[in-house]
Amino acid sequence: MSKLMIIGCGGVASVAIHKCCQNSDVFEEIMIASRTLSKCDALKEKLQPVTKTKITTARVDADHVEELTELIRSYQPDAVLNLALPYQDLTIMDACLAAGVHYIDTANYEAEDTNDPQWRGIYEERCKRLGFSAYFDYSWQWAYKERYEKAGLTALLGTGFDPGVTSVFASYAQKHYFDEIHTIDILDCNGGDHGYPFATNFNPEINLREVSAPGSYWENGKWVEIPPMSIKREYNFEGVGQKDMYLLHHEEIEALAKNIPGVKRIRFFMTFGQSYLTHMKCLENVGMLSTTPIEFNGQSIVPIQFLKSLLPDPASLGPRTVGKTNIGCIFTGIKDGKEKSLYIYNVCDHQECYREVESQAISYTTGVPAMIGAMLVVSGLWKKPGVFTTDEFDPDPYMEALNRWGLPWVVEENPVLVE
Ligand code: NDP
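The paragraphs below set out a description of the structure included in this document. These numbers were taken from a predicted model, which means no experiment stands behind them.

**Looking at the layout of surface pockets**
The computed volume of the second largest pocket comes to approximately 270 Å³. Along its surface, the second largest pocket is lined by 18 residues, and Tyr135, Arg209, Ser212, Leu289 and Thr291 are the ones closest to its centre.

Structure below.
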């Protein structure tokens, strides 16, 4: 029995909240706390009549540590599940430390203002030192390790699908199938069609920043960076079919490189259709992806935030998206002296997700692992003082929970490998 505070009430949070409410034996009480109270109240109104979990709501601006700390102290949850935006990771981690509760999120910290000179100085030094230029990395949150250890608190970082489940697939492969993993290819395929010429499946600002950045992968102990979208492969995905996919930088590579001993290469690929890429390139070329404020008619606006207001709300894509996602990892390595390869993946159907929780599969495949991560922390199975990613705990209870809570996985021996 536990009490969980969930921050944010967007696409991913809505799924996680549905799932907590299906899991009332673990989540006796939840608080939905977000910037727009009406969204929290609407979800409460829908779910309270059909769940034993007691739901309360609150308005909070999670950018403000004191305001959030006060709310956490007054509600006294066992843990806080951060499903706001990566911009709030550090303020929420600070508030959890101040209030003495465990912390869980699904994506690593990103600065909202990438022109802030103080942030920029640290970022540029890191680019040189580590060799990749993505705006997000683990250093900011790993820096909390000692403080969480001293406070006897757990911070579980990145328990979505990727990162999250993909890293659990890696520790599961390591535990049960390999003596040594040599290569990991993470393949994220969305075969869904929402019928719009252009829309993003989750927060447009976060999504477009990720996709328009240079790609990078880990090889022989260092990062190799490439121009955006410059490595393309094709793969035939179970449940979806043949798709083009592109190499991107992705945060779990950083954690897996640290936590999977002997790994020689880790790459991340995501599928994109030509129409998506053409739209994105055009928006980028005209400056619409910029995060730098401009003056327009006497008002300061951030182009990518203005673009967000024009694009379909990701939460509205649910009813119209058909098709499936297939996300997983291909491993190669050695077992009992012999070479071996293995593919662990999940196939998720957009319409089935919608029927169950009124969301498309991208929010579903993130919201379910968010609930599972929170469940393992509050139940004590994944609780230890410090700051951890999902590859640093016993993968078995997480893998069991995926099967039980709607994301069943498949293990395939000798899969087709990515060249
Ligand atoms: P949304 O934009 O749909 O939702 C974000 C929510 O956070 C909104 O309810 C928003 O409030 C709220 N919020 C934003 N700022 C604040 C603030 N300062 N204080 C309080 N609440 C705030 O995003 P998604 O649901 O698509 O994404 C949620 C998280 O999940 C992101 O961090 C994203 O990066 C991550 N993610 C992780 C994936 C993975 O596989 N690991 C995959 C997909 C997403 P309001 O309603 O007022 O806008």
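**Some points on the nonpolar core**
Counting 93 residues, the largest nonpolar core has Phe27, Phe169, Ile184, Phe331 and Ile372 as the members making the most contacts within it. The biggest single contributor to this core is helix 14 (residues 361-378), with 11 residues. Sequence-distant contacts of Phe331, defined by excluding residues within four places in its chain, comprise Phe169, Ala170, Ala173, Phe178, Ile181, Thr183, Ile184, Lys340, Ser341, Leu342 and Ile344. The next biggest cluster of nonpolar side chains, apart from the first, holds 33 residues, and it includes Leu97, Tyr103, Leu153 and Leu157.

**A closer look at the packing of aromatic side chains**
On inspection of all chains with the given rule, the structure shows 21 aromatic pairs. In textbook terms, an aromatic cluster arises when at least three aromatic residues are bridged by ring pairs, as seen for Phe198, Tyr246, Phe272 and Tyr276. Here the basic side chain of Lys384 rests over the ring of Phe388, its NZ or CZ set 4.7 Å away from the ring centre. Between Lys384 and the ring centre of Phe393, over which it is positioned, the NZ or CZ distance is 4.6 Å.

**Section: the pairing of strand 7 (residues 180-190)**
The buried fraction of strand 7 is high, at 10 of 11 residues. Sheet topology places strand 7 next to strand 15 (residues 324-335); 10 bridges connect them, and they run antiparallel. What sits directly across from Ile181, in strand 15, is Gly333.

**Points about the site of the ligand**
Near the ligand, the surroundings consist of 28 residues, among which Val12, Arg35, Thr36, Lys39 and Ala62 are the closest. In the model, an oxygen atom of the ligand is placed 2.9 Å from a nitrogen or oxygen of the Asn203 side chain. Across the complex, the protein chains shield 92% of the 930 Å² of accessible surface that the ligand would expose by itself. Across the shell around the ligand, the residue classes break down as 13 nonpolar, 10 polar and five charged.

**Observations concerning the pattern of salt bridges**
A complete count under the given rule lists 15 salt bridges for this structure. Notably, a salt bridge pairs Lys145 with Glu149, separated by 2.8 Å at the nearest N-O pair. With Lys145 and Glu149 both in helix 7 (residues 145-151) and four residues apart, this pair spans about one turn of that helix. Since its relative accessible area comes to 42%, Lys145 is described here as partly exposed. Between Arg267 and Asp185 there is a salt bridge; the shortest N-O distance is 2.8 Å. Residue Arg267 is found in strand 12 (residues 265-271), and its partner Asp185 is found in strand 7; the two are separated by 82 residues along the sequence. Each member of the pair, Arg267 together with Asp185, is buried. Connected through shared salt-bridge partners, Lys175, Asp394 and Asp396 make up one network.

**Structural notes on the sheet that holds strand 4 (residues 79-82)**
An order of 3-2-1-4-5-6-17 is seen for the seven strands of this open sheet, with the pairing classed as parallel. The sheet is open, and its two edges are formed by strand 3 (54-59) and strand 17 (386-389), each paired on a single side. For this sheet, the mean angle separating the axes of adjacent strands, direction not counted, is 20 degrees. In this sheet, strand 5 (residues 102-105) lies alongside strand 4 in parallel orientation, the contact comprising four bridges. The residue of strand 5 that forms the bridge with Val80 is Tyr103. Of the strands in this sheet, strand 2 (27-34) and strand 3 touch helix 2 (residues 37-47), which is tilted by about 170 degrees from strand 3.

**A closer look at empty space enclosed by the protein**
Scanning all chains against the criterion turns up two cavities of 30 Å³ or more. In this structure, the largest cavity spans a volume of roughly 40 Å³. The greatest single-element share of the lining of the largest cavity, amounting to four residues, is contributed by helix 5 (residues 117-130). Residues of the lining of the largest cavity, tallied by class, amount to five nonpolar, one polar and two charged. Space inside the second largest cavity adds up to approximately 30 Å³. If you go around the second largest cavity, the residues you meet are Glu110, Ala134, Tyr135, Phe136, Arg209, Glu210 and Ala213.

**Describing the pairing of strand 16 (residues 338-349)**
Within strand 16, nine of the 12 residues are buried, leaving the element largely enclosed by the surrounding structure. Relative to strand 16, strand 15 runs antiparallel, the two being bridged by 12 bridges. Opposite Ile330, over in strand 16, you have Tyr343 as the bridge partner. Counting the residues in the hairpin turn of strand 15 and strand 16 gives two residues, including Asp336, whose phi is positive at 50 degrees.

**Structural notes on the state of the cysteines**
Any covalent bond linking the sulfur atoms of two cysteines counts as a disulfide. Using the criterion set out here, one finds zero disulfides in the structure. Of all cysteine sulfurs in the structure, the one in Cys40 sits closest to Cys9, which takes part in no disulfide; the separation is 4.4 Å.

**Overview of unusual backbone geometry**
For residues that are not glycine, phi is negative in most cases, and the peptide bond is trans in most cases. With omega at 10 degrees, the peptide bond leading from Asp162 into Pro163 counts as cis. Mapped onto the elements, Pro163 comes out in the loop between strand 6 (154-157) and helix 8 (165-176). Of note in this structure, Asn220 is not a glycine but carries a positive phi near 50 degrees. Relative to the assigned elements, Asn220 resides in the loop between strand 8 (215-219) and strand 9 (222-226). Taking the relative accessible area as the measure of exposure, Asn220 reaches 60% and is therefore exposed. Phi is positive for Asp336, which is not a glycine, with a value near 50 degrees. Positionally, Asp336 belongs in the loop between strand 15 and strand 16. Among the residues examined, Asp336 registers a relative accessible area of 61% and is labelled exposed.

The rules behind these values
Residues numbered from 1 in each chain as written. Predicted model: local features only at pLDDT ≥ 70, side-chain atom pairs only at ≥ 80, totals over all residues. Heavy atoms only, no water. 1 Å grid on protein atoms, 1.4 Å probe; cavity = no way out; pocket = protein on both sides within 12 Å on 5 of 7 lines; lining within 4 Å. Points joined across faces, edges and corners; volume = space filled by probe spheres on them. Core = buried A, V, L, I, M, F, W, Y, C linked by side-chain atoms within 4.5 Å. Buried < 20%, exposed > 50% of the residue type's maximum accessible area, 1.4 Å probe, protein only. Helix = DSSP H or I, 4+ residues; strand = E, 2+ residues; numbered from the N terminus. Contact = heavy atoms within 4.5 Å. Phe/Tyr/Trp six-rings, centres within 6.5 Å; stacked < 30°, edge-to-face > 60°. Lys NZ or Arg CZ within 6 Å of the ring centre and 35° of its normal. Pairing = 2+ DSSP bridges. Near = heavy atom within 4 Å. Polar contact = N/O pair within 3.5 Å; in protein donor to acceptor, adjacent residues only side chain to side chain. Areas by Shrake-Rupley, 256 points an atom, 1.4 Å probe, with all protein chains shown as cover. Nonpolar A, V, L, I, M, F, W, Y, C, P; charged D, E, K, R; others polar. Salt bridge = Lys/Arg side-chain N within 4 Å of Asp/Glu carboxyl O. Axes fitted to C-alpha atoms, helices over the stretch in contact; angles between N-to-C directions. Disulfide = S-S within 2.5 Å.

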